[in-house]
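# A closer look at the structure
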Amino acid sequence: MKKVNLAVVGATGMVGRTFLKVLEEKQLPIENFYVFASSRSAGTKIVFNGRDYVVEELTETSFDRGIDIALFSAGGGTSEKFAPIAASKGCIVIDNSSAWRMDPEVPLVVPEVNPEDIEWNKGIIANPNCSTIQAMVPLKPLDDKYKIKRVVYSTYQAVSGAGLAGWKDLENGLKGEAPKKFPHPIAGNCLPHIDVFTENGYTKEELKMINETRKILHNPDMKITATAVRVPVFNSHSESINVEFEKPFELTNLVDTLRKAPGIILKNDSCNDEYPLAIDASGTDEVYVGRIRRDESVESGVNLWVVADNIRKGAASNAVQIAEIIIKNMQ
Ligand code: A2P
């Protein structure tokens, strides 16, 4: 298998470190490996595959050395500036920020859902928002079979989604300390506020879920609404997803469709108290689906409870899966 030169930008961050972990686990064929971050951590060492790598400051010349693939998770501003520079040097950027997701020239990809979109990339591929990724994995096979008419998302999102600072707010909040990252205490609380508020009263997180779902499922008119809530859970996002379909369905067939879909583990045995849990999903790459039941208030609708590790499947693992496909296509 052809080996590639691969870089991680934002390698010292929460998602960046998970990029390294997932790359090691999946044993991607890497020839040369580079780690970039800001000037703050330049010169520090990172261990990857048993070898020490020195963190370099990201600059305009960082990609002047034949880097094939770069995984970016260093914030929107960094991606906005440096992803086009990397792409202009022949590198394919897989970007975890929201900077490029809605750009019509940039594919937005969940490998189980729309891997074909990778092909038309012009040097930048966007990794969707964590809450969107885990929703797409069960919604795609259901859309293919029953044609989705409307979706209502309600999320229960872990503090790891707000980076190390979010994690610390919960940890310290449980000891009675005041929050530094969130506007209110997260310990013992639920905050219906993720990312900033926009003019129509929705938060940016909610709009990301709505717009990204439409782009990934190639349905710009799909009716979607969302409420995104931060909850006092360290890791893994949970979501209640209410879906209305154009076509009728048999519940057993719908459950079977989800069971056979790639990337899903069903936990759907309520009689035995079995349903997806954040603590079980943490550290894994699958999307867990359960509490599958008919929405009896509409003609053809279903309720799902969907859980996944937001740092792995919701960010790092999804990006590494995209990299794997690119490498396979290079052979
Ligand atoms: P650094 O550790 O040097 O600040 P998180 O989202 O967990 O806070 O991580 C953000 C990541 O993005 C870190 O690796 C951080 O590096 C990196 N980063 C932040 N700003 C820049 C920048 N201007 N150039 C390169 N990397 C950056």
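Because the structure is predicted, anything quoted here is derived from the model rather than measured. (Residues numbered from 1 in each chain as written. Predicted model: local features only at pLDDT ≥ 70, side-chain atom pairs only at ≥ 80, totals over all residues. Heavy atoms only, no water.)

### Some remarks on the overall build of the protein chain
When helices and strands are tallied, the protein chain shows eight helices and 14 strands. In terms of overall size, the protein chain behaves like a compact globule, its C-alpha atoms giving a radius of gyration of 20 Å where 331 residues would be expected to give roughly 20 Å. The buried share of the protein chain, taken over its 331 residues, is 52%. Considering only residue pairs separated by 6 or more positions, the protein chain has 67% of its internal contacts joining residues 24 or more positions apart. (Helix = DSSP H or I, 4+ residues; strand = E, 2+ residues; numbered from the N terminus. Rg over C-alpha atoms; globule rule 2.2 N^0.38 Å. Buried < 20%, exposed > 50% of the residue type's maximum accessible area, 1.4 Å probe, protein only. Contact = heavy atoms within 4.5 Å.)

### A closer look at helix α3 (residues 130-146)
With 17 residues, α3 extends 25 Å from end C-alpha to end C-alpha; this agrees with the ideal 24 Å at 1.5 Å per step. Here α3 lies mainly inside the structure; 14 of its 17 residues are buried. Downstream of α3 by one or two residues, Lys147 has phi in the positive range, about 60°. (Expected span 1.5 Å × (residues − 1).)

### Notes on the site of the ligand
Residues in close proximity to the ligand total 13 residues, the closest being Thr12, Met14, Ser38, Arg40 and Ser41. Take Ser38: an N or O atom from its side chain is 2.6 Å from an oxygen atom of the ligand. One nitrogen or oxygen atom from the side chain of Ser41 is found 2.4 Å from an oxygen atom belonging to the ligand. In the complex, the protein chains occlude 66% of the 580 Å² of accessible area that the ligand would expose alone. Tallied by class, residues from the shell around the ligand come to five nonpolar, seven polar and one charged. (Near = heavy atom within 4 Å. Polar contact = N/O pair within 3.5 Å; in protein donor to acceptor, adjacent residues only side chain to side chain. Areas by Shrake-Rupley, 256 points an atom, 1.4 Å probe, with all protein chains shown as cover. Nonpolar A, V, L, I, M, F, W, Y, C, P; charged D, E, K, R; others polar.)

### Section: the domain arrangement of the protein chain
Accessible area lost upon the coming together of the parts is a frequently used measure of interface size. Segmenting the protein chain into domains produces domain 1 (4-127 + 315-330) and domain 2 (131-310). Domain 1 and domain 2 are separated by 25 Å when their C-alpha centres are compared. On the domain 2 side, the residues contacting the 18 residues of domain 1 number 19 residues. Summed over both partners, the interface of domain 1 with domain 2 comes to about 1,500 Å²; 67% of that surface belongs to carbon and sulfur atoms. Considering only the surface of domain 1 that becomes buried against domain 2, Met14, Glu112 and Val113 emerge as the three largest contributors, covering 37% of it. (Domains from an automatic or database assignment. Buried area = accessible area lost by both parts, 1.4 Å probe.)

### Description of the packing of α3 against helix α6 (residues 251-260)
One can describe the packing of α3 onto α6 by two numbers: an axis separation of 9 Å at closest approach and a directional angle of 130°. The angle between α3 and α6 falls in the class oblique. Crossing geometry of α3 relative to α6 is assigned as right-handed. Only Asn253, Leu254, Thr257 and Leu258 of α6 make contact with α3, whose side of the interface consists of Pro138, Pro141, Leu142, Lys145 and Tyr146. A breakdown of the residues in the contact of α3 with α6 according to their chemical character gives six nonpolar, two polar and one charged. (Axes fitted to C-alpha atoms, helices over the stretch in contact; angles between N-to-C directions. Parallel < 35°, antiparallel > 145°, perpendicular 65-115°, else oblique. Left-handed = near helix turned anticlockwise from the far one by under 90°.)

### Considering the sheet that holds strand β6 (residues 69-72)
Here we have six strands laid out as an open sheet, ordered β5-β2-β1-β6-β7-β8, and parallel in their pairing. The sheet is open, and its two borders are formed by β5 (56-57) and β8 (124-126), each paired with just one other strand. Sitting on the sheet, helix α1 (residues 14-26) is in contact with β1 (4-9), β2 (30-37) and β6, with an inclination near 150° to β1. Relative to β6, helix α8 (residues 312-330) is tilted by about 170°, and along the sheet it contacts β1, β6, β7 (92-95) and β8. (Pairing = 2+ DSSP bridges.)

### Considerations on the pairing of strand β13 (residues 287-294)
Residues in a regular strand project their side chains so that they alternate between the two faces of the sheet. Across three bridges, the pairing between strand β12 (residues 264-266) and β13 is parallel. The partner of Ile264 across the bridge, within β13, is Val287. As paired elements, β13 and strand β14 (residues 301-308) share five bridges and run antiparallel to each other. Across the sheet, residue Gly290 finds its bridge partner in β14, namely Trp305. Taking the residues that link successive antiparallel strands as the turn, the β13-β14 hairpin has six residues.

### A look at the sheet that holds β13
Strand pairs in the sheet, formed through backbone hydrogen bonds, run parallel or antiparallel to each other. Read from one edge of the open sheet, six strands run β10-β9-β11-β14-β13-β12, paired in mixed fashion. Either end of the sheet is taken by a strand with one partner, and the two such strands are β10 (223-230) and β12. Across the sheet, the mean angle separating the axes of adjacent strands is 25° when strand polarity is ignored. Relative to strand β11 (residues 237-245), strand β9 (residues 148-157) is paired through eight bridges, and the arrangement is antiparallel. Paired with Val152 across the two strands is Asn242, which belongs to β11. Relative to β10, helix α5 (residues 204-216) is tilted by about 140°, and along the sheet it contacts β9, β10 and β11. Set on the sheet, α6 makes contact with β11, β12, β13 and β14; between it and β13 the angle comes to about 175°.

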